[in-house]
Amino acid sequence: MIEHFLFMKHEKKIKKIKKLAERGFDPRTSGLWAQHASTAPLCSCKHREIKHILIVTKTLRNHYLQCASNKRGLPRKKSSRLTLTRSKGEKMDAILNGILSSRHPDALKKQLITKVTENSSKPQPVRVIRSVLQISSSWFLQGESDIAFSEGLQVYKAWAKYNLTTFEAFFDREFLLSLFSFKGRREANAVLLLEVSMELLQRSSSYSAHVRVVEAKAISYVREHPSIDCLNNFVNFLFKFKECLPKGDFVSTFCVSLINSLSLCAIPEDPASVVQYIKSVDQICSLIHNIWNNADSDVIMDSLKAIFGIIAAEETEPSLCLGAVVRNIPEKMIEIIVKYAINSDIDNTRMTTALQRVVDWVQWPTATNVHKWIITFFKNLAAAKKYSILINVTETKIEQVCQKLEFPAVREGALSVLTHMLLGFQHSPEPFHKILPDLVKVIEVMRTEDQVQLRSLSDLLHCCVFLHAGYPDLYDPILELLKGIPAPSAEEIKSRLEESQWLTQKSGSSKYVSKVTQRSETGKTGLFNLGNTCFMNSILQALFMCDSFRRDTLSYQPTPEQPVLAQLQQVFAFLSQTQRPAYAPMTFSRMSRPSWFMAGHQQDCSEYLKYLLDRVHEQERSRQKKERTTEKSSETGNQADKGTQNSTGITDNSANTTNKSAGIIDNSGVTTDNSTVIRSLIEDHYGGLMVTTVTCLNCKSQSSRTEEFNDIPLAFPEYKPIITEEKGDNKEKKEPNTKCLHLNDLLQHYLKPELLTGDNQYFCDTCGSLQDAERKISINRPPEHLIISLLRFSYDAKIQARSKIFQEVKYPRTLILPKDQPSETKADNPRRSLRSAVSRQIERCGVNTQKGEVYGLNAVVVHSGTSSESGHYYTYARHSLFQDPERVMENLAGCTDEDNIDFLQDKWYLFNDNRVSYAQYSSFCSVTQRFTKDTAYVLFYKRIDPQNSEREGVDLNKSIKPAEVDPPLQDRLRQLVSKDNTQYLQEQEMSEQKRASRKRPVSQTTSSWFYKQDEDQGPPGSCGGSSGFDGSGPRFVF
């Protein structure tokens, strides 16, 4: 009854469809057909409904085929009994194609095809079997729909299984070869079809012949199908049919071909496909390792040489998955292949490319021992002294390696590589500084996931901070995150650094390029380290921030007799107006370096400053002497021509050749002899006069000597150094000195009268014999800019070397320089009231001082390290421009802390070679407490002069560019800077074009898997040994 009901329900629709078929229309395109196909399955009786649909579908299909072939109408009578049994002449391929192309739902199509599959067990004509095998294989290889792909293989297997004789004839050599040459969207399915066929034919007589064909075609197949799916399917096939593997001399060729094709398999962009990609790569690598285990070492060497050739080629970018190929190589084999690669004729460029790609393998999650390859490469390259490769690879890849520490799967290998890079790269802090921003996130992740690895990372970072000390602004955030994690001792750090350092350091002339791409947010320009030239950079930045000196230097008209001043002008011009992030003063470094300073060695910045100022001063004096000689010759000629001359109108130039110290100095410090001496640029800004007076204690006679000075060297009275010896967990402190000295204490100690007794007695001309005496130093004329050098390096007889004094000192913002006070009124000297008021208020703040000249702290050069021949220098500085002195004086009475007494604008900067950042006075004051080896060494103070406050009062909160307060640049300097700025913009454009044109594969990152250049702009270097870790004398650097 149900069948009758179903049939009657659709009878009218069927009649209409038949009429359309008789008229030549395909009933499948009819809306009635679609309606029938969509409504028929809605019946509730599933099994009988399906049976009825089979009957109806078969009826309509057969009727249409008959109409299309015979071109005549339907017979008037049709048997009411319909089955799936084919009548003679019907074509099975037409039935299958009809089902596949119908608009039935996929579920219904699968059920219809399953019916056809079930008929495979029944006897069928050979023609029908071959037809089904042909169409089902075509579905599986070329089918556009998923149902063709999924059902095609099932039909193929079923009909082949129950018709082996016919199938053996169907799967002949020609069909087999067609599978190997098949190309298309589903070309990887060809191997799956091969695998099914070979399983069915294993006991057939043709099987051995097929094995030989597969063996012969294996190499060409992997070469012609560099697809991860094709290779994976073929490898799975070879695991099942090991007899199909190439043999003999072809084993090595097959492995090389498989590796070459694997290197071309790009990582998919879809993260969901990456897991399968990794599994496929591991399967392929497993086959290669199995072959290696059963082959001789020559096969392995050939494969490894092929890998090296692939990664050294610059034309293409190989896949990262090659890292999985080498994961199980024995360490002794790693050493052999690395030495082969380094000793080959390959150039440095290709070697660098190869090593960079090996470092990229760190990202691969299953490349478990790739870090051993990298470290072996590094060690052998260092032994071969190929440092340029190591520098290039470390600089370009260290950030990538550091970022991989976030992912547990590759953390161990990445940390090993990072450790070797940082501890081997001891000549420059650049790589370490590049990863500091990434370390914050890395430490936070590892703190919650891996405490053991975090301890190792902490030890590494403490070593780097010790090695590259002198960057407190960079290290403070990292050290804050590492609080609570025990730090290694100094001896442990030194031992580790000695073990890891490269055998030789790079000379100062080498082409080490420091990459600085962004200008500092401060608007200031840094100075490249040209190879342990931080001593020069720190002094230059301090001098540059002395605004009046910078302005007068830029306004000066030098002559050829003044090359050092001319180059100093150029440095100041570039620091002021260049668009580059940092400037490389190579010519200035060469001209201003003392002859006894060895290039590439660290030097004493105080000694360099004195030499630089003396050179500039002496060259200006030579110019003045030459000009006076020329003028005198001209005047002598005029006198000879005229015969008479009023001598009272002529300056006595002969007196000008004497040193100014030989003149008579009055109490105000002004020369009062008849000679006219023009003060030099250095004297105007840094020159002062001091008087040394010796009084005989026997006859009370006095002898005085007046001399110029550019700086005041301050020694430490009765200093007892703090020596800390760390032995395991115990720390022994010897002779602790807990008192924090004040800079005023050192000044008073310097100016304190000294008794000359015993072997140091004074020869008195009046007494005519050696007598006890008292020697006293007094400041007669204070300089505009006061330079104070702290004598922190003293000779230690025990170790027979200069050691550093780490005594902590308080450096006030406002300093009183004691000075001989002449009898004067307020009208005579407007600074008198300022000096008196400031002195009184500072004393009220608890500081022992004397009346004298008022100075404001302008710049501080800090030395980081333990020896003057090693370590690192950097500078804290601010512009020497005044605040409103009247406003300061108004607030002076309420000050209870001397740090609140400040006449200069409180906007500080930290100059650290090419790095410039904002800073605070408090950061400088506490730097020694945070970094015990960092101590102030040279201090610059600006004299506070109310008369000049209006002229120099520029609000730096509104203008931080020196170019806006400096005089216009001279034409020569302006052209130099303008030309270089144009060149810099062109360099930026070319760099961007090169970056945009660089070709890379689809995806080479695995982060998502885990969840003619100007001479003075030449290549810079860096500063080495900046921690004071000085185990073998001076530090040779890049």
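Everything in this summary refers to the structure shown in the same document. (Residues numbered from 1 in each chain as written. Predicted model: local features only at pLDDT ≥ 70, side-chain atom pairs only at ≥ 80, totals over all residues. Heavy atoms only, no water.)

Time to look at the overall build of the protein. When helices and strands are counted, the protein shows 37 helices and 22 strands. Relative to its 1038 residues, the protein shows a buried fraction of 53%. Summing over all exposed atoms, the protein offers an accessible surface of approximately 49300 Å²; the carbon and sulfur share of this is 49%. (Helix = DSSP H or I, 4+ residues; strand = E, 2+ residues; numbered from the N terminus. Buried < 20%, exposed > 50% of the residue type's maximum accessible area, 1.4 Å probe, protein only. Areas by Shrake-Rupley, 256 points an atom, 1.4 Å probe, with all protein chains shown as cover.)

Where helix H20 (residues 408-424) contacts helix H24 (residues 490-500), the axes come no closer than 8 Å and their chain directions differ by 90°. Judged by the inter-axis angle, H20 sits roughly perpendicular to H24. Across the interface between the two elements, Thr419, Leu423 and Gly424 from H20 touch Arg496, Leu497 and Ser500 from H24. Classifying every residue of the contact of H20 with H24 by side-chain character gives 2 nonpolar, 3 polar and 1 charged. (Axes fitted to C-alpha atoms, helices over the stretch in contact; angles between N-to-C directions. Parallel < 35°, antiparallel > 145°, perpendicular 65-115°, else oblique. Contact = heavy atoms within 4.5 Å. Nonpolar A, V, L, I, M, F, W, Y, C, P; charged D, E, K, R; others polar.)

Turning our eyes to something else, we now look at the pattern of salt bridges. Throughout the structure, instances matching the rule amount to 28 salt bridges. Among the salt bridges present, the one from arginine 550 reaches aspartate 547, with a minimum N-O distance of 2.9 Å. Taken together, the residues arginine 550 and aspartate 547, both in helix H26 (residues 547-555) and 3 residues apart, mark about one turn of the helix. Connected through salt bridges with shared partners, the residues Arg813, Arg878, Asp902 and Asp906 form a single ionic network. (Salt bridge = Lys/Arg side-chain N within 4 Å of Asp/Glu carboxyl O.)

Moving on to the packing of helix H16 (residues 331-343) against helix H18 (residues 370-383). For the pair H16 and H18, the least separation of the axes is 10 Å and the interaxial angle reads 45°. Between H16 and H18, the angle is such that the two are oblique. By crossing handedness, the relation of H16 to H18 is classed as right-handed. Contacts from Glu331, Ile334, Glu335, Ile337, Val338, Lys339, Ala341 and Ile342 in H16 reach Lys372, Trp373, Thr376, Phe377, Asn380 and Leu381 in H18. Taken together, the residues that form the contact of H16 with H18 break down as 8 nonpolar, 2 polar and 4 charged. (Left-handed = near helix turned anticlockwise from the far one by under 90°.)

Before going further, it helps to spend a moment on the side chain of serine 548. Structurally, serine 548 is set in helix H26. Residue class for serine 548 comes out buried when judged on its relative accessible area of 8%. For serine 548, the side chain forms a polar contact with the side chain of histidine 685, separated by 3.4 Å. (Polar contact = N/O pair within 3.5 Å; in protein donor to acceptor, adjacent residues only side chain to side chain.)

The buried fraction of strand E13 (residues 785-790) is high, at 6 of 6 residues. Both faces of E13 are covered, namely the face carrying His785, Ile787 and Ser789 and the face carrying Leu786, Ile788 and Leu790. Pairing analysis gives 3 bridges linking strand E5 (residues 712-714) to E13, with the strands arranged parallel. Note that in E13 the partner of leucine 714 across the bridge is leucine 790. (Pairing = 2+ DSSP bridges.)

On to H18. The terminal C-alpha atoms of H18, which comprises 14 residues, lie 20 Å apart, in line with the 20 Å expected from a rise of 1.5 Å per residue. The element H18 is largely enclosed, with a buried count of 11 among its 14 residues. Of all the positions in H18, only Val370, His371, Trp373, Ile374, Ile375, Thr376, Phe377, Phe378, Asn380, Leu381 and Ala382 are classed as buried. Where the residues of H18 are buried, they touch helix H15 (297-312), H16, helix H17 (348-360), helix H19 (387-403) and H20. Looking at the residues trailing H18, positive phi occurs at lysine 385, about 60°. (Expected span 1.5 Å × (residues − 1).)

What follows covers the nonpolar core. For soluble globular proteins, the rule of thumb is that nonpolar side chains tend to be buried together. Grouped together as the largest cluster of nonpolar side chains are 190 residues, with contacts concentrated most on Phe234, Phe254 and Leu457. It is helix H14 (residues 271-293) that contributes the most residues to this core, 10 residues altogether. Dropping the residues within four chain positions of it, phenylalanine 254 is found in contact with Ala218, Ile219, Val222, Phe234, Leu238, Leu245, Pro246, Leu287 and Ile291. (Core = buried A, V, L, I, M, F, W, Y, C linked by side-chain atoms within 4.5 Å.)

Looking now at the packing of aromatic side chains. Here the structure, examined in full by the defined rule, presents 29 aromatic pairs. Look at phenylalanine 535 and phenylalanine 597: their rings are 5.8 Å apart centre to centre, the planes differ by 75°, and that puts the pair in the edge-to-face class. Placement of phenylalanine 535 in helix H25 (residues 534-544) and of phenylalanine 597 in the loop between helix H28 (586-592) and helix H29 (605-642) is noted, with a sequence separation of 62 residues between them. Using a relative accessible area of 4% as the deciding quantity, one classes phenylalanine 597 as buried. If you follow lysine 524 out to its NZ or CZ, it ends over the ring of tyrosine 909, 5.0 Å from the centre. Taking NZ or CZ as reference, arginine 550 lies 4.8 Å from the ring centre of phenylalanine 544, over its face. (Phe/Tyr/Trp six-rings, centres within 6.5 Å; stacked < 30°, edge-to-face > 60°. Lys NZ or Arg CZ within 6 Å of the ring centre and 35° of its normal.)

Attention now goes to the state of the cysteines. Structurally, a disulfide amounts to a covalent bond that connects the sulfur atoms of two cysteines. Taken as a whole and assessed by the stated rule, the structure comprises 0 disulfides. Counting only cysteine sulfurs, cysteine 321 is the nearest neighbor of cysteine 285, a cysteine outside any disulfide, at a range of 6.9 Å. What makes cysteine 285 buried here is its relative accessible area of 0%. (Disulfide = S-S within 2.5 Å.)

The next point concerns the sheet that holds strand E9 (residues 754-756). Pairing is antiparallel across the open sheet formed by 4 strands, whose spatial order is E4-E3-E12-E9. Pairing within the sheet leaves two strands with one partner each, and these edge strands are strand E4 (702-709) and E9. Averaged over all pairs of adjacent strands, the angle between strand axes in this sheet comes to 25°, irrespective of strand direction. Pairing geometry for strand E3 (residues 688-696) and E4, over 8 bridges, is antiparallel. Bridge pairing links threonine 695 to glutamine 702 in E4.

Tracing the backbone shows aspartate 945 in the loop between strand E22 (934-943) and helix H36 (946-952). Taking C-alpha positions, aspartate 945 is 8.9 Å from phenylalanine 882, a pair spaced 63 residues apart along the chain.

All right, on to unusual backbone geometry then. Despite not being glycine, lysine 700 has its phi angle at roughly 65°, a positive value. Mapped onto the elements, lysine 700 comes out in the loop between E3 and E4. Phi angles above zero are rare outside glycine, and aspartate 913 is one such case at about 55°. As for its position among the elements, aspartate 913 is in the loop between strand E20 (908-912) and strand E21 (915-919). The exposure class of aspartate 913 is buried, given its relative accessible area of 8%.

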